[in-house]
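Spelled out from the first residue to the last, the chains are:
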Amino acid sequence: MSTPARRVLVVGGGTAGSVLTLALRQRGIDVVLVERQTEWRAIGHGITIQGNALRAFREVGVADEIVAAGAPFDQLRMRNVDGSVIRELHSPPLGGGGLPATMGSMRFLLQQILSRHVHASRADVRLGTTVTAFDDDGSGSGVAVTFSDGRTERFDLAVGADGVHSTVRGMIGIDAQPVPIGMAIWRMQGPRQPGMDCAEVYYGGPRYKLGFSPISSEQMYAYVMDEDRRLEFYGDRPAYEVMAERAADYGGFWPAIRASLGPDTPIDYRSLEALLIEGPWFRGRVLLIGDAAHACPPTLAQGAAQAAEDAVVLAQILGEGHDVDKALDLFMDRRYERAAMVVNNSVQL
């Protein structure tokens, strides 16, 4: 027997977990959020936030702060390898009126804003804490959860929002794993050059593609999508030298971007993966959302957007008072086809 969700555990404090916590607290649902980091922060560089993500952020009251801290724009400029313009595309306002079509942001600022609002929501936030066991016997008493501090507590629903390499996923018996797509990405953060008024993507050169996006009035992030090699392949050379080399044949803004690279430039290199759990994303009353259930390469810039949408939709359904079992079925009806479309098209692109 199932009951409506009055107390929910959220595992993971990234975009999915933070937005879910805020959306649930808006509806008066008690939330315990556990995050394994002892210092709650985001790592990485810039992020492109599409209009549908901003719509979800507006639902939980944080969109205005996110927009104010970032760099909004409403077009995408496509260039050839030599820098000549192929086409400029107007970006539709997917989030609705009053929101930018798209924008760039610093990841740490996005997480900072979300974290601050989660604390203000009076959710029970437990940093440096993980889950060690779930025990769901199907009774009306909910799922029993054991934590790394030894405590065991009961929840009406537990939600794994712990990313593409989710531990919750394996703990509930879902053996799906992210699959490499054969590409890797170099990312850097650096000074925004004069004239960088929107995102740009460069095609036709020796790499899959290059691009950049403004993320503040003074900063931008740039990337090189390359063939997937282990970082060790490049030997002991500094990362900034290798990234500069991989972008050497490109025109437009890239000579200036390459010139800005140096020993102090924040650079990230990682292989790109995709994940889509076939069938339900839950077992009993433990559900996966965001990258834990469906992760896509950044070719459509929809990872954070789909995670935030998952969170808002789940909170809407739970707030309607459905029993948990019914709510999980309704959630899958709302989210599966949309998330699958985004993952499959991101991989294809």
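So, how was this worked out
- Residues numbered from 1 in each chain as written.
- Predicted model: local features only at pLDDT ≥ 70, side-chain atom pairs only at ≥ 80, totals over all residues.
- Heavy atoms only, no water.
- Pairing = 2+ DSSP bridges.
- Helix = DSSP H or I, 4+ residues; strand = E, 2+ residues; numbered from the N terminus.
- Contact = heavy atoms within 4.5 Å.
- Axes fitted to C-alpha atoms, helices over the stretch in contact; angles between N-to-C directions.
- Core = buried A, V, L, I, M, F, W, Y, C linked by side-chain atoms within 4.5 Å.
- Buried < 20%, exposed > 50% of the residue type's maximum accessible area, 1.4 Å probe, protein only.
- Salt bridge = Lys/Arg side-chain N within 4 Å of Asp/Glu carboxyl O.
- Polar contact = N/O pair within 3.5 Å; in protein donor to acceptor, adjacent residues only side chain to side chain.
- Parallel < 35°, antiparallel > 145°, perpendicular 65-115°, else oblique.
- Left-handed = near helix turned anticlockwise from the far one by under 90°.
- Nonpolar A, V, L, I, M, F, W, Y, C, P; charged D, E, K, R; others polar.

Asks: Hey, could you go over the sheet that holds strand 16 (residues 219-227) for me, with residue numbers and the actual values?
Replies: The strand order across the open sheet formed by eight strands is 6-5-14-15-16-13-17-20, and the pairing between neighbours is mixed. The open sheet is flanked by strand 6 (85-90) and strand 20 (294-295), the only strands paired with a single partner. Sheet analysis places strand 5 (residues 75-80) next to strand 14 (residues 199-203), joined by five bridges and oriented parallel. Among the inter-strand pairings, Leu-76 is bridged to a residue of strand 14, identified as Ala-199. Contacting strand 13 (179-191), strand 17 (267-276) and strand 20, helix 9 (residues 324-348) crosses the sheet at an angle of about 130° to strand 17.

Asks: Which residues make up the nonpolar core, and what values do they have?
Replies: By size, the foremost hydrophobic cluster in this structure holds 85 residues, and its most contacted members are Leu-9, Phe-57, Phe-134, Trp-281 and Ile-289. For this core, the leading source of residues is helix 8 (residues 303-319), giving 11 residues. Filtering out sequence-adjacent residues up to four positions away, Leu-9 remains in contact with Val-32, Val-34, Val-131, Phe-134, Val-145, Phe-147, Phe-155, Leu-157, Ala-158 and Val-159.

Asks: Account for the pattern of salt bridges, with residues named and values stated.
Replies: Counted according to the given criterion, the structure contains 20 salt bridges. Close ionic contact of Asp-149 with Arg-151 constitutes a salt bridge, the shortest N to O distance being 2.9 Å. A residue is classified by how much of its surface remains accessible, and Asp-149, at 44% relative accessible area, is partly exposed. The partner of Arg-246 in a salt bridge is Asp-226, with the nearest N and O atoms 2.7 Å apart. Taken together, the residues span a long stretch of sequence, with Arg-246 in helix 6 (residues 239-246) and Asp-226 in strand 16 at a distance of 20 residues. Among the residues examined, Asp-226 registers a relative accessible area of 2% and is labelled buried. Residues joined by salt bridges that share partners form a network here, namely Arg-7, Asp-124, Arg-126, Asp-149, Arg-151 and Glu-153.

Asks: Would you mind going over the environment of Ser-18 in detail, with residue names and values included?
Replies: Within the element layout of this structure, Ser-18 appears in helix 1 (residues 15-26). Taking C-alpha positions, Ser-18 is 22 Å from Leu-94, a pair spaced 76 residues apart along the chain. Residues contacting Ser-18, with those up to four places away along its chain left out, are Gly-13, Trp-40, Gln-111, Leu-114 and Val-118. A distance of 2.8 Å separates a polar atom in the side chain of Ser-18 from the backbone oxygen of Gly-14.

Asks: With reference to specific residues and values, describe the side chain of Asp-310.
Replies: The residue Asp-310 is located in helix 8 in this model. Overall, the relative accessible area of 0% leaves Asp-310 in the buried class. At 2.6 Å, the side chain of Asp-310 forms a polar contact with the side chain of Arg-335. Ignoring anything within four residues of it in the chain, the contact list for Asp-310 reads Trp-281, Ile-289, Gly-290, His-294, Phe-331 and Arg-335.

Asks: Describe the packing of helix 2 (residues 51-59) against helix 8, listing the residues and the values that go with them.
Replies: Relative orientation of the contacting elements helix 2 and helix 8 amounts to 40°, with a least axis distance of 8 Å. Between helix 2 and helix 8, the crossing angle belongs to the class labelled oblique. In this structure, helix 2 meets helix 8 at a crossing whose hand is left-handed. For the pair helix 2 and helix 8, contact is made by Asn-52, Ala-53, Ala-56, Phe-57 and Glu-59 and by Ala-305, Gln-306, Ala-308, Glu-309, Val-312 and Gln-316, respectively. Residues that form the contact of helix 2 with helix 8 fall into these classes: six nonpolar, three polar and two charged.

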